[in-house]
Amino acid sequence: MNTLTETKVRLFASAKSWVEGEALRQLYAAAELEGVRLAVGFPDLHPGKGGPVGAAFVAEGMIHPCLIGGDIGCGMALFKTELVQRDIQLNRWADLRFDLEHLWEDDVGEVLAESDLQSTEFDGALGTLGGGNHFAELQMVDEVLEPRAFKRFGLGKQQLAVLVHSGSRGLGESILRSYVEEHQASGMDAESFAAASYLRDHDEAVRWAKTNRALIARRFVEALGTQVESLWDGCHNNITRREFEGEVVWVHRRGAVATEGEPVMIPGSRGSLSYLVKPIGDGESHAWSLAHGAGRKWARSETRLRMRERFGIHQLTQTPLGGRVICGQRDLLYEEAPAAYKNIEDVVRDLVDAGLVSVIATFRPLLTYKTRAFLR
């Protein structure tokens, strides 16, 4: 562990998980916000719009909506399917439509009611992936390192799983926009009426995002002729209230997954393994949070230029691990190339060496879905 300061800022990253200077500047700047008593950066730390991604912050008496950004509730969820490894048919599955970028044609109202969600102008986006680094991915178990913990997790070694990364789509962004219009980028007293109003909307967006991931998984596997059962859902962008040593603190996460002692998934890029890990330690030192993935190494514009010079489209739709990638948008295919991300093995190793996690199992990507839009 590289500790930048003893009490205010901590960075859990080795030299292998190179962290950009701008990300560190943003981490320090966020640590100076009113009420923030701890700022934690993880090995996937990288610069973000308005604040660092791959970080968690503990504040007393204040909440800072701009710290977590507009995709409130964004996160990942893992589901088990009824498919097993002998069922794998990648050539056939890669030709299926899936259509996760298109509106769901069934009754959204029923899903909203089941999840106790209000109808909004964003109902039509429910069950859709969105862009950027969002995905739905079919995975197989690669290696089990802690058999007992893996058995308790509830997934068979031969069972295929689905990992979904998505958020609250336009709903979270609208909530942040409304907040900024009234309060600019400043934080607010956690006990104020304005904070209560924001947190009410925030919690709705978090539930909406979780429901969205579940519906995406359902749509994804329906095309494969199977069903899913949720094993885990982890939020990356949120504010949570926590009582600690008789005090109330507010944990802000942006690109950091919450930990409560249960196993969590830390995915790599579409061309690398994902890790099921068990959080260990007291949680307080790392803001009850962990890295949410590999983290970007290059900005999107830089990645497009680099990848066009080095790879053809066919090379990026088939991974070194034998998986397939469905992404019909040329720029997005380049922007999300595995080389744009840090080495997930280094990220996880940093967490292990810092005493934050132990690895339960690894997962290999089989089919990663981004969008079916035609290449131009």
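Whatever comes next refers back to the structure up there.
None of the values given here were measured: they were computed from a predicted structure.

Next up on the list: the overall build of the chain. Regarding its fold elements, the chain presents 11 helices and 17 strands. For 376 residues, the compact-globule estimate of 2.2 N^0.38 gives 21 Å, and the C-alpha radius of gyration of the chain, at 20 Å, lies within 12% of that figure. Judged by the C-alpha coordinates and their principal axes, the chain covers about 55 × 45 × 45 Å. Residues classed as buried in the chain amount to 56% of the 376 residues present. In the chain, the share of contacts with a sequence separation of at least 24, taken over all contacts with a separation of at least 6, comes to 78%.

Mapped onto the elements of the fold, Glu247 is located in strand E11 (residues 247–254). Overall, the relative accessible area of 39% leaves Glu247 in the partly exposed class. Spatially, the C-alpha atom of Glu247 lies 43 Å from that of Leu160, the residues being 87 residues apart in sequence. Excluding residues that lie within four positions of it along the chain, Glu247 makes contacts with Arg37, Glu60 and Arg242. Of the polar contacts made by the side chain of Glu247, one reaches the side chain of Arg37; its length is 3.3 Å.

Judged by nonpolar contacts, the single largest core of 56 residues is most densely connected at Phe42, Leu78, Phe150, Leu155, Trp232, Val277 and Phe363. When residues in this core are grouped by element, the largest group, 5 residues, is from strand E17 (residues 357–371). Val277 has contacts with Pro263, Val264, Ile266, Leu290, Val357, Ser358, Val359 and Ile360, leaving out every residue within four places of it along the chain. Within the second largest apolar cluster, 25 residues are counted, among which are Ala136, Val164, Ile216 and Tyr369.

The next subject is the side chain of Arg296. Turning to its location among the elements, Arg296 is positioned in the loop between strand E15 (289–291) and helix H8 (300–310). Residue class for Arg296 comes out buried when judged on its relative accessible area of 12%. Separated by 2.8 Å, the side chain of Arg296 and the backbone oxygen of Glu335 make a polar contact. Polar contacts involving the side chain of Arg296 include one to the side chain of Glu336, which spans 3.1 Å. Residue contacts for Arg296: discarding those within four places in its chain leaves His46, Thr303, Glu335, Glu336, Ala340, Tyr341 and Lys342.

On to the sheet that holds strand E3 (residues 53–59), then. Strands sit in the order E1-E2-E3-E11-E10 across an open sheet of 5 strands; the sheet is mixed. Two strands lie at the open edges of the sheet, namely strand E1 (9–11) and strand E10 (237–244), each paired on one side alone. Put simply, the sheet's adjacent strands are angled 15° from each other on average, direction ignored.

Aromatic ring pairs are described here by two measures, namely the spacing of the ring centres and the angle between the planes. What the rule picks out here adds up to 5 aromatic pairs. Three or more aromatic residues link up through ring pairs in this structure, and these residues are Phe98, Phe220 and Tyr369. Its end group placed over the ring of Trp298, Arg306 keeps NZ or CZ at 4.0 Å from the ring centre.

A separate point is the pairing of strand E16 (residues 324–327). Covered by surrounding structure in E16 are Arg324 and Ile326 together with Val325 and Cys327, the residues of both alternating faces. When E16 meets E17, the two strands line up parallel, connected through 4 bridges. Counted as the bridge partner of Val325 is Thr368 from E17.

What follows concerns the pattern of salt bridges. Pairing of side chains with opposite charge becomes possible as their charged atoms draw close. Scanning all chains against the criterion turns up 20 salt bridges. Of the charged contacts, one joins Glu335 and Arg300 as a salt bridge, the two residues approaching to 3.3 Å between their closest N and O atoms. Placement of the pair is Glu335 in helix H10 (residues 330–335) and Arg300 in helix H8, with a sequence separation of 35 residues. A relative accessible area of 25% means that Arg300 is categorised as partly exposed. For Arg304, the salt bridge goes to Glu335, with nearest N and O atoms at 2.4 Å. Highlighted residues: Arg304 in helix H8 and Glu335 in helix H10, separated in sequence by 31 residues. Take Glu335: its relative accessible area is 12%, and that puts it in the buried class. Here the salt bridges share partners, and the residues they tie into one network are Arg296, Arg300, Arg304, Glu335, Glu336 and Lys370.

Buried within helix H1 (residues 21–31) we find Ala23, Gln26, Leu27, Ala30 and Ala31. End-on, the buried residues of H1 take up no more than an arc of 140°, which puts them together on one face.

A separate point is the environment of Phe57. Its place among the elements puts Phe57 in strand E3. Between the C-alpha atoms of Phe57 and Leu38, which are 19 residues apart in sequence, the distance is 5.6 Å. Discounting residues that sit within four places of it in the chain, Phe57 has contacts with Leu27, Ala30, Leu38, Ala39, Pro52, Leu67, Trp250, Val251 and His252.

Let us now look at the packing of helix H6 (residues 170–183) against helix H7 (residues 193–222). At a minimum axis separation of 9 Å, H6 and H7 run at an interaxial angle of 165°. For the element pair H6 / H7, the angle class is roughly antiparallel. Remark: the crossing between H6 and H7 carries left-handed chirality. Where H6 abuts H7, its residues Leu171, Gly172, Ile175, Tyr179 and His183 lie against Ala194, Tyr198, Asp201, His202, Ala205 and Trp208. Across the contact of H6 with H7, the residue classes break down as 7 nonpolar, 3 polar and 1 charged.

Reading guide: rules and limits
- Residues numbered from 1 in each chain as written.
- Predicted model: local features only at pLDDT ≥ 70, side-chain atom pairs only at ≥ 80, totals over all residues.
- Heavy atoms only, no water.
- Helix = DSSP H or I, 4+ residues; strand = E, 2+ residues; numbered from the N terminus.
- Rg over C-alpha atoms; globule rule 2.2 N^0.38 Å.
- Buried < 20%, exposed > 50% of the residue type's maximum accessible area, 1.4 Å probe, protein only.
- Contact = heavy atoms within 4.5 Å.
- Polar contact = N/O pair within 3.5 Å; in protein donor to acceptor, adjacent residues only side chain to side chain.
- Core = buried A, V, L, I, M, F, W, Y, C linked by side-chain atoms within 4.5 Å.
- Pairing = 2+ DSSP bridges.
- Axes fitted to C-alpha atoms, helices over the stretch in contact; angles between N-to-C directions.
- Phe/Tyr/Trp six-rings, centres within 6.5 Å; stacked < 30°, edge-to-face > 60°.
- Lys NZ or Arg CZ within 6 Å of the ring centre and 35° of its normal.
- Salt bridge = Lys/Arg side-chain N within 4 Å of Asp/Glu carboxyl O.
- Arc of directions from axis to C-beta.
- Parallel < 35°, antiparallel > 145°, perpendicular 65-115°, else oblique.
- Left-handed = near helix turned anticlockwise from the far one by under 90°.
- Nonpolar A, V, L, I, M, F, W, Y, C, P; charged D, E, K, R; others polar.

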